[in-house]
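Architecture and fold: a report
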Amino acid sequence: MGMFIFLLILLLLWQGTYFLGVDVFHAFHSYAVPSPIGVAGRFMELCVNGSLPSAVLHSLGRGAVGFVLAAFIGIVLGFLIYHFKYLQKNMKPVVLGIQTLPSICWVPFSILWFGLSNAAIIFVVVMGSAFSIAIAVDNAFRNIPPIYEKVARTMGADRKQLYVDVIFHAALPELFSGLKQGWAFAWRALMSGEVMTTSIGLGQTLVMGRDLADIDQVMLVMLVIILVGIVVDKCFFSTVENQMLIRRGLKR
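Overview of the structure. (Residues numbered from 1 in each chain as written. Predicted model: local features only at pLDDT ≥ 70, side-chain atom pairs only at ≥ 80, totals over all residues. Heavy atoms only, no water.)

**Thoughts on the pattern of salt bridges**
Tallied over the entire structure, the rule returns nine salt bridges. We note a salt bridge from Asp-138 to Arg-142, for which the minimum N-O separation is 3.2 Å. Placement of the pair is Asp-138 and Arg-142 together in helix 6 (residues 118-142), with a separation of four residues, close to one helical turn. A relative accessible area of 37% places Arg-142 in the partly exposed class. Each of Arg-42, Glu-45 and Asp-214 takes part in one network of salt bridges that share partners. (Salt bridge = Lys/Arg side-chain N within 4 Å of Asp/Glu carboxyl O. Helix = DSSP H or I, 4+ residues; strand = E, 2+ residues; numbered from the N terminus. Buried < 20%, exposed > 50% of the residue type's maximum accessible area, 1.4 Å probe, protein only.)

**Overview of helix 2 (residues 36-48)**
Between its first and last C-alpha, helix 2 extends 18 Å over 13 residues, near the 18 Å set by a 1.5 Å rise per residue. Listing the buried residues of helix 2 in full gives Pro-36, Val-39, Arg-42 and Leu-46. Across the axial projection of helix 2, the buried residues extend over an arc of 125°, all falling on one side. In helix 2, the exposed residues that point more than 90 degrees away from the buried face are Ile-37, Met-44 and Val-48. Looking at the packing, one finds that the buried side of helix 2 touches helix 1 (2-24), helix 3 (51-83) and helix 10 (215-247). The first or second residue beyond helix 2 is Gly-50, which carries a positive phi of 85°. (Expected span 1.5 Å × (residues − 1). Arc of directions from axis to C-beta. Contact = heavy atoms within 4.5 Å.)

**Topic: the environment of Val-68**
Within the secondary structure, Val-68 is located in helix 3. Sequence separation between Val-68 and Leu-101 is 33 residues; the distance between their C-alpha atoms is 21 Å.

**Comments concerning the packing of helix 3 against helix 10**
Contact geometry of helix 3 with helix 10 gives a least axis separation of 12 Å together with a crossing angle of 50°. As judged from the angle between their axes, helix 3 and helix 10 are oblique. Along this stretch, helix 3 crosses helix 10, giving a crossing that reads as right-handed. Contacts from Leu-52, Val-56, Leu-60 and Phe-67 in helix 3 reach Leu-220, Val-224, Val-228, Val-232 and Phe-237 in helix 10. Class assignment for the residues of the contact of helix 3 with helix 10 results in nine nonpolar, no polar and no charged. (Axes fitted to C-alpha atoms, helices over the stretch in contact; angles between N-to-C directions. Parallel < 35°, antiparallel > 145°, perpendicular 65-115°, else oblique. Left-handed = near helix turned anticlockwise from the far one by under 90°. Nonpolar A, V, L, I, M, F, W, Y, C, P; charged D, E, K, R; others polar.)

**Quick notes on the side chain of Asp-216**
Tracing the backbone shows Asp-216 in helix 10. For Asp-216, which is buried and forms no salt bridge, the nearest opposite charge comes from Arg-42, at a distance of 7.0 Å. Engagement of the side chain of Asp-216 in a polar contact is seen with the backbone nitrogen of Ser-35, the distance being 3.4 Å. Among all residues touching Asp-216, those that are not within four sequence positions of it are Pro-34, Ser-35, Gly-38, Val-39 and Arg-42. (Lys, Arg positive; Asp, Glu negative; His and termini not counted. Polar contact = N/O pair within 3.5 Å; in protein donor to acceptor, adjacent residues only side chain to side chain.)

Here it is as structure tokens:
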């Protein structure tokens, strides 16, 4: 109930600002400033003609595929960096450097290598999130208290048991947090890829709104992107993470 009231207050402030700035004082142009009523109307139009649901489904599909690939690459790369001191010393700085590169920088390569296709968008998603996951995986393993490994070795654990039964389980909460962060990077990278191609998706719907000078559509797509990100996080990542922490006695 509190959240509903808070959102209602934000909408009223938004609409009031639009009314005063556009209709009363003429400080803004209506085509440059979105309004809640205009965004709601555009939402109904895009839902009725099916373009918005289709865009959401296409974007979620690409995001899921790209995230799974990025998670696999990131987990393997992060484990290798943790396990081999040579890679820790020489490769981790390179991975950290690549991670600072904005996702949109990969778009020219993706178009040249894959053309204007789904593969090009998925490539941007993978490059935008895999290195973040790799860093998180390495940090998750590295932050395990050394006493865990010493106790396991004292009790006669071999290398396989040490990794499978001790290190992996000890690092699991932080590993999942890294995957959660990787999804956020993947979702952002997905938008970078979609706005540069002609494939159906939220990014392309945003570009269409810009090309048509429809600021309400632009704002609507931005809100949908935020909403989808929140829903995925709350319905999957946060739910699984909370259950994991509760089972381990780290959260009530």
